[in-house]
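# Reading the structure
The lines below spell out each chain.
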Amino acid sequence: MLPNLLNDNEFQLIQNYCFDRYGIEKEVWIYYSLYKRKEGLWLVNKGIENQIDLSQAESFGLRILSGKNYPYKITRSFVQVFLKHMSKGLIEVTSAQAESLLKRETIQIEAGPNFQKGYYVCLYQEKFVAIALRTQDAFVSQVPKSLTGQLSNNLKFSE
Amino acid sequence: MMDWPLFSERYRELIPNFSEFLSSLEKPFPIGLRENPLSCLPYGLEEKLKKMNCDYNRPILELDYFEVPGPRKNWGGDIDHHLGLYFMQALSSLMAPLALALRPGSMVLDMCAAPGGKTTHLCGIMENKGTLVATEPDLNRRRILKGNLTRLASFNTAIYPFKGQDLPFNNESFDCILLDGPCSSEGTFRTDVINGSKRRKNNYLEYNRYFRESLHKEQIELIEKSYKLLKKGGTLVYSTCTYDPQENEEVVMHALQKFSDLSLVPIELGFHLDVCPGVTQYNGQSYCEEMALTARLYPHFINSIGFYVAKFIKR
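## Quick look at the environment of B:Leu85
Residue and element names in this part refer to chain B. In this structure, Leu85 sits in the loop between helix H5 (79-82) and strand E3 (86-88). Under the relative-accessibility criterion, Leu85 is labelled buried at 1%. When the C-alpha atoms of Leu85 and Leu38 are compared, they prove to be 8.1 Å apart, with 47 residues separating the residues in sequence. Not counting the four nearest positions on each side in its chain, Leu85 is found in contact with Arg34, Glu35, Asn36, Ser39, Leu41, Tyr43, Gly44, Leu45, Lys48 and Asp80.

## Brief notes about the interface of chain A and chain B
Facing the 31 residues of chain A at the interface are 37 residues of chain B. With both sides pooled, the region where chain A packs onto chain B buries about 2,700 Å², and carbon together with sulfur makes up 56% of that total. The largest per-residue losses of area from chain A upon contact with chain B belong to A:Glu58, A:Gln80 and A:Lys127, which jointly make up 23% of the total buried on that side. Summed over the shared surface of chain A and chain B, the number is three salt bridges. Ionic pairing is found between B:Arg142 and A:Glu58, a salt bridge with its closest N-O pair at 2.7 Å. Counting across the interface, chain A meets chain B through 14 residue pairs in polar contact (both at pLDDT 80 or more). Contributions of two or more residues to the side of chain A that touches chain B are made by strand E3 (40-45), helix H2 (48-51), strand E4 (59-60), helix H3 (76-82), strand E9 (127-134) and helix H5 (145-150) of chain A. For the side of chain A that touches chain B, the leading source of residues is H3(A), giving five residues.

## Section: the domain arrangement of chain A
All names here are of chain A. Domain annotation for chain A reports domain 1 (4-85) and domain 2 (90-154). Between domain 1 and domain 2, the C-alpha centre-to-centre distance is 23 Å. Counting residues at the interface gives nine residues for domain 1 and twelve residues for domain 2. Interface of domain 1 and domain 2: buried area, both sides summed, is about 900 Å²; carbon and sulfur atoms make up 68% of it. Contact with domain 2 buries surface across domain 1, with Arg21, Lys73 and Leu83 losing the most and accounting together for 52% of the total. Applying the counting criterion to the domain 1 and domain 2 interface returns zero salt bridges. Residues of the side of domain 1 that touches domain 2, tallied by class, amount to five nonpolar, one polar and three charged.

## A look at helix H7 (residues 117-125) of chain B
Residue and element names in this part refer to chain B. Among the nine residues that make up H7, eight are buried, leaving the element largely enclosed by the rest of the structure. Those residues of H7 that sit buried are Gly117, Lys118, Thr119, Thr120, His121, Leu122, Cys123 and Gly124. Positive phi appears at Glu127, one or two residues downstream of H7, with a value of about 55 degrees.

## Some details on the pattern of salt bridges
Residues and elements named next belong to chain B. A complete count under the given rule lists 21 salt bridges over all chains for this structure. Linking Arg296 and Glu249 is a salt bridge whose minimum nitrogen-to-oxygen distance equals 2.8 Å. Here the residue Arg296 occupies a position in strand E13 (residues 295-297), and Glu249 occupies one in helix H11 (residues 249-258), the gap between them amounting to 47 residues. In this structure, Arg296 and Glu249 share a single accessibility class: buried. Residues participating in the shared-partner salt-bridge network are Arg10, Glu186, Arg212, Asp244 and Glu247.

## Let's talk about unusual backbone geometry
The omega torsion of the bond from B:Gly70 to B:Pro71 falls at -5 degrees, within 30 degrees of zero and hence cis. Its location among the elements puts B:Pro71 in the loop between strand E2 (65-68) and helix H4 (72-76). Across the junction of B:Ala114 and B:Pro115, the peptide omega takes the value 5 degrees, indicating a cis bond. Its location among the elements puts B:Pro115 in the loop between strand E4 (107-110) and H7. Positive phi values are uncommon outside glycine, yet A:Glu126 reaches one of about 70 degrees. If you trace the backbone, A:Glu126 turns up in the loop between strand E8 (118-124) and E9. Of the residues examined, A:Glu126 reaches a relative accessible area of 57% and is grouped as exposed.

## Some remarks on the state of the cysteines
Chemically, a disulfide is nothing more than a covalent bond linking the sulfur atoms of two cysteines. Residue and element names in this part refer to chain B. Here the structure, examined in full by the defined rule, presents zero disulfides over all chains. Not engaged in a disulfide, the cysteine Cys123 finds its nearest cysteine sulfur in Cys176; these two sulfurs lie 14 Å apart. A relative accessible area of 0% places Cys123 in the buried class.

Quick notes on the rules
Residues numbered from 1 in each chain as written. Chains lettered and ligands numbered in written order. Predicted model: local features only at pLDDT ≥ 70, side-chain atom pairs only at ≥ 80, totals over all residues. Heavy atoms only, no water. Helix = DSSP H or I, 4+ residues; strand = E, 2+ residues; numbered from the N terminus. Buried < 20%, exposed > 50% of the residue type's maximum accessible area, 1.4 Å probe, protein only. Contact = heavy atoms within 4.5 Å. Buried area = accessible area lost by both parts, 1.4 Å probe. Salt bridge = Lys/Arg side-chain N within 4 Å of Asp/Glu carboxyl O. Polar contact = N/O pair within 3.5 Å; in protein donor to acceptor, adjacent residues only side chain to side chain. Domains from an automatic or database assignment. Nonpolar A, V, L, I, M, F, W, Y, C, P; charged D, E, K, R; others polar. Disulfide = S-S within 2.5 Å.

Quick look at the structure:
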């Protein structure tokens, strides 16, 4: 299946979403291209399509946003690439909350009315721990089952 | 001491300080962590190790590579491992990507990419710039490769599901090629024994002529294809994790004889490593003097797995 490069309008929609929701400046995106593929958006270096035939590649780049349509869900790869550019959508958690999130448990955080629903990046002492979905009154861990199984049983965060 | 018929019969004259070599195969094997420069974490690996009061060793100060105490599963199950802070890798296998002396922005091919240790290392050196093509025909190994590229945040890589020989690219497409070919993996026998792995049976340690000849044939096909895909002025690194000259010097010799514009160049790593030169004679076979520019890495000299690296330039 041929990969589908996002056109200017679609790309701009993503830029605006990431600026509004996560504070990522639009200039950050000048080095990247985005492809719609397999229920998500994939990030690659700009111009890669001019160098190689992507139609024969099994996969390329990183899936940074998942889901069929806008608004998308951010992935761990999104955080890995853009965390240093993010100024919004971040919450600091305690060590106990970090452990709970990694066990795929839902946590309660005192959140004022400024907290809108959606996906948040949870940090413990500035370190990325997990992505969580803010619902009515809780943050639901988005850590995949596969990851929980691989982490050590003695996973502990010290204050 | 365990009996090593394969090594004793074939390599007694080839490997220097042979008795030390044999005993090194049964010594504890260090767990090595290579730091990922593409990590998003706000601290480095050394900082983490210090915080943990870990008794680590940095064998080469110029490299962000650390030897740590076991058990291995603790490092594989660590949250920072899953967040891409490091890759568990043997010191010897860092040499092949480093020998390429890559620049960010190059067009690079990794011929036999899975499981991705060298591929992710290349991405780190390239700072995620340029284009890296990784090819691996086996579906299960490709899954592991993809997982590692995702974990270590490499986004300049495209994965192709082909054998290296069948790659659908035009000739002279790549600036640099890493051919870490399929091999008899004799260099990793140490790892297997220390881990108590059941993967290799004892009789595998004996020489199987038909197996070696089929490997040699595939290595020849791969190096010939690599030559075709390499641009003029480009660099090709051929590496294996075996001691067998049939899979190392003989493959290199074949490439030099077949392609007159291909020549061996010294491997400059920018730091000292206790390596031995490639052999110029073995078992009645003679190879050219330039073979001494290739490097043999032995476990009793660098406390890692056995490895072989050759670096070519296409003029």
